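# A structural walkthrough
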Amino acid sequence: MSLINFKRILFLVLLCIAFLPLLATAQEHIGRVVGISDGDTLTILDDRKKQIKVRLAEIDTPETAQPYGARAKQELSRLVHGKTVIVKVRDIDRYGRTVGRVYADDIDVNAEMVRIGAAWVYRKYATDQNLYALEKQARQNRGGLWSLPEAQQVPPWEWRQARR
């Protein structure tokens, strides 16, 4: 293979890699929820019998060992377990999970988790301004995790950082 051909192939490969996030963004998965890992991670089984692990985009829920962590998992399970959902893919994270907005029975599950006080808006990644309004309302209503004593209302990203 000549050096020119190698450079062309390398250029095409790099170009394809550069456009992968754009392809992932336009993608959508439909499947039945077969597992809940925690308050912001679920597994669906698509029509090809492929399991896809999904991390809910733009939100973060308490870790399992945190106050309200088990309850956040229960709330996500109540909303989606056993149901057919649509996942609008935003990205693939560093753990290989699909990151997306999840919809079940015409409910935006990501937004609903924030609305009921089971999740924080994940400030580092959130782009949907409506989520901030939902979080503010949940705080004012002292719904979900916002009913905990203030000292226990530690955002998961801060809780994880403190344990590193």
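Residues numbered from 1 in each chain as written. Predicted model: local features only at pLDDT ≥ 70, side-chain atom pairs only at ≥ 80, totals over all residues. Heavy atoms only, no water.

We now examine the overall build of the chain. Per the secondary structure count, the chain includes five helices and eight strands. Starting at the N terminus, the α and β elements of the chain follow one another as α-β-β-β-β-α-β-β-β-α-β-α-α. A total of 164 residues make up the chain; the buried ones form 44% of that total. Here the contacts in the chain between residues at least 6 apart in sequence split such that 57% fall between residues at least 24 apart. For the chain, the computed accessible surface area is about 9900 Å², with 55% contributed by carbon and sulfur atoms. (Helix = DSSP H or I, 4+ residues; strand = E, 2+ residues; numbered from the N terminus. Buried < 20%, exposed > 50% of the residue type's maximum accessible area, 1.4 Å probe, protein only. Contact = heavy atoms within 4.5 Å. Areas by Shrake-Rupley, 256 points an atom, 1.4 Å probe, with all protein chains shown as cover.)

Quick look at the environment of G69 now. Of note, G69 is situated in helix 2 (residues 69–80). Among the residues examined, G69 registers a relative accessible area of 2% and is labelled buried. In this structure, the C-alpha to C-alpha distance between G69 and G39, residues 30 residues apart in sequence, is 7.0 Å. Those residues within four positions of G69 in sequence are excluded, and the remaining contacts are P62, E63 and T64.

Before going further, it helps to examine unusual backbone geometry. A positive phi angle, near 65°, is found at K49, a position not held by glycine. Even without a glycine there, the phi angle at D105 is positive, about 50°. Position of D105 relative to the elements: it lies in the loop between strand 6 (98–104) and strand 7 (107–108).

With that settled, consider the pattern of salt bridges. Here the structure, examined in full by the defined rule, presents 17 salt bridges. In this structure, R48 and D46 form a salt bridge, with 3.0 Å as the shortest nitrogen-oxygen distance. A relative accessible area of 6% places D46 in the buried class. With a shortest N-O distance of 3.0 Å, R71 and E75 are connected by a salt bridge. Of this pair, R71 and E75 both sit in helix 2, four residues apart, roughly one helical turn. (Salt bridge = Lys/Arg side-chain N within 4 Å of Asp/Glu carboxyl O.)

Before going further, it helps to examine the environment of R142. Tracing the backbone shows R142 in the loop between helix 4 (129–141) and helix 5 (156–162). Between the alpha carbons of R142 and I116 there is a distance of 9.5 Å; along the sequence they are 26 residues apart. Every residue in contact with R142, bar those within four places of it in the chain, is listed here: S147 and L148.

This part takes up the packing of aromatic side chains. Evaluated as defined, the whole model comprises four aromatic pairs. When the centroid spacing of 5.4 Å and the interplanar angle of 70° are considered together, the rings of W120 and W146 count as edge-to-face. Of this pair, W120 sits in strand 8 (residues 120–121) while W146 sits in the loop between helix 4 and helix 5; the two residues are 26 residues apart in sequence, bridging distant segments of the chain. Here the two residues W120 and W146 agree in accessibility, since each one is buried. When the ring of W120 is compared with that of W157, the centres are 6.5 Å apart and the planes differ by 75°; the resulting orientation is edge-to-face. Here W157 lies in helix 5 and W120 lies in strand 8, a separation of 37 residues in the sequence. What makes W120 buried here is its relative accessible area of 2%. These aromatic residues form a ring-pair network of at least three members: W120, Y122, Y125, W146 and W157. (Phe/Tyr/Trp six-rings, centres within 6.5 Å; stacked < 30°, edge-to-face > 60°.)

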